[in-house]
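# Descriptive analysis of the structure
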Amino acid sequence: MVIFQIVIIGVLAVVLALFMKNYNPAISLLISLAAGVLIFLMVLPLMAEALGFVRHLGDMAEGFGAYTALAIRVIGVAYIVEFGTSVCNDANETAIAAKIDLAGRVIILIMAMPVIVDIVRIVTGLLP
């Protein structure tokens, strides 16, 4: 199973990174970054499968395809932001991580604005 390979890579990377941190912190960071990229590449096909399933659900629910596409894009932004903030946090760059996190939240808010507008229209249409 892929999860065993991912856990083994993660644990080995942590052990190597901790060992190298005393000798060369830059190499320790590169080990962590390489492990993160490798794990991300291993999960990518699984994410594609999950996104295909979500698209299928959106196709089944007629009229909600736009919302499904939006949900997929929001999930993608969230994963990318999480990866970026994790790398920054591993490098003890919490200020940069916070800025990436803020940017991700703003981008998701902007992406969700059409849905918010639709909800407001529905709610105001229900009012007497």
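Before reading further, recall that the structure is shown in the block above.
Right, let's walk through the structure included here. (Residues numbered from 1 in each chain as written. Predicted model: local features only at pLDDT ≥ 70, side-chain atom pairs only at ≥ 80, totals over all residues. Heavy atoms only, no water.)

## A short note on the overall build of the chain
Looking only at helices and strands, one finds four helices and zero strands in the chain. Helices (α) and strands (β) of the chain occur, in sequence order from the N terminus, as α-α-α-α. The dimensions of the chain, computed from C-alpha atoms along their principal axes, are 70 × 35 × 15 Å. Counting across all 128 residues of the chain, residues that qualify as buried make up 16%. Taking contacts inside the chain between residues at least 6 apart in sequence as the whole, the part at least 24 apart equals 52%. As displayed, the chain has an accessible area near 9,300 Å², and 75% of this comes from carbon and sulfur atoms. (Helix = DSSP H or I, 4+ residues; strand = E, 2+ residues; numbered from the N terminus. Buried < 20%, exposed > 50% of the residue type's maximum accessible area, 1.4 Å probe, protein only. Contact = heavy atoms within 4.5 Å. Areas by Shrake-Rupley, 256 points an atom, 1.4 Å probe, with all protein chains shown as cover.)

## Examining the packing of aromatic side chains
Overall, the coordinates contain two aromatic pairs when judged by the stated rule. Between the aromatic rings of Phe-19 and Tyr-23, the centroid separation amounts to 5.3 Å while the plane-to-plane angle is 55 degrees, which identifies the pairing as tilted. Between Phe-40 and Phe-83 the ring centres are 6.0 Å apart and the planes differ by 40 degrees, which places this aromatic pair in the tilted class. Of this pair, Phe-40 sits in helix H2 (residues 25-60) while Phe-83 sits in helix H3 (residues 65-90), and the two are 43 residues apart along the sequence. (Phe/Tyr/Trp six-rings, centres within 6.5 Å; stacked < 30°, edge-to-face > 60°.)

## Let's talk about the packing of helix H1 (residues 2-21) against H2
To describe two helices that pack against each other, one gives the angle between their axes and the distance between the axes. Close contact between H1 and H2 brings their axes to 8 Å; oriented N to C, the two are set at 170 degrees. Accordingly, the angle class assigned to the pair H1 and H2 is roughly antiparallel. Across the interface between the two elements, Val-2, Gln-5, Ile-6, Ile-9, Gly-10, Ala-13, Leu-16, Ala-17, Met-20 and Lys-21 from H1 touch Pro-25, Ile-27, Ser-28, Ile-31, Ser-32, Ala-35, Leu-38, Ile-39, Met-42, Val-43 and Leu-46 from H2. Of the residues in the contact of H1 with H2, the class split is 16 nonpolar, four polar and one charged. (Axes fitted to C-alpha atoms, helices over the stretch in contact; angles between N-to-C directions. Parallel < 35°, antiparallel > 145°, perpendicular 65-115°, else oblique. Nonpolar A, V, L, I, M, F, W, Y, C, P; charged D, E, K, R; others polar.)

## Here's the deal with the side chain of Thr-85
Relative to the helices and strands, Thr-85 resides in helix H3. Judged by its relative accessible area of 8%, Thr-85 is buried. In this view, Thr-85 contacts Ala-97, Ile-100 and Asp-101; residues no more than four positions away in its chain are not counted.

## A few points about the nonpolar core
Where a protein is soluble and globular, its nonpolar side chains tend to be buried together. Residues Ala-13, Ala-17, Met-20, Ile-31 and Ala-35 constitute the largest nonpolar core, which totals five residues. Looking at this core, the elements with two or more residues in it are H1 and H2. Among the elements that take part in this core, H1 stands out by supplying three residues, more than any other. Sequence-distant contacts of Met-20, that is, excluding residues within four places in its chain, are made with Pro-25, Ile-27, Ser-28 and Ile-31. (Core = buried A, V, L, I, M, F, W, Y, C linked by side-chain atoms within 4.5 Å.)

## A word on H2
If you check H2, its first and last C-alpha atoms are 51 Å apart, about what 36 residues at 1.5 Å a residue would give, namely 52 Å. By the largest-angle criterion, Leu-44 marks the main kink of H2, which is about 35 degrees, and a proline, Pro-45, follows within four residues. If you check which residues of H2 are buried, you get Ser-28, Ile-31, Ala-35, Met-42 and Gly-58. (Expected span 1.5 Å × (residues − 1). Bend = angle between axes of the 7 residues up to and from the residue.)

## Describing the environment of Val-77
In this structure, Val-77 sits in helix H3. What makes Val-77 buried here is its relative accessible area of 18%. Taking the C-alpha atoms as reference points, Val-77 and Tyr-23, separated by 54 residues in sequence, lie 35 Å from one another. Residue contacts for Val-77: discarding those within four places in its chain leaves Gly-104, Ile-107, Ile-108 and Met-111.

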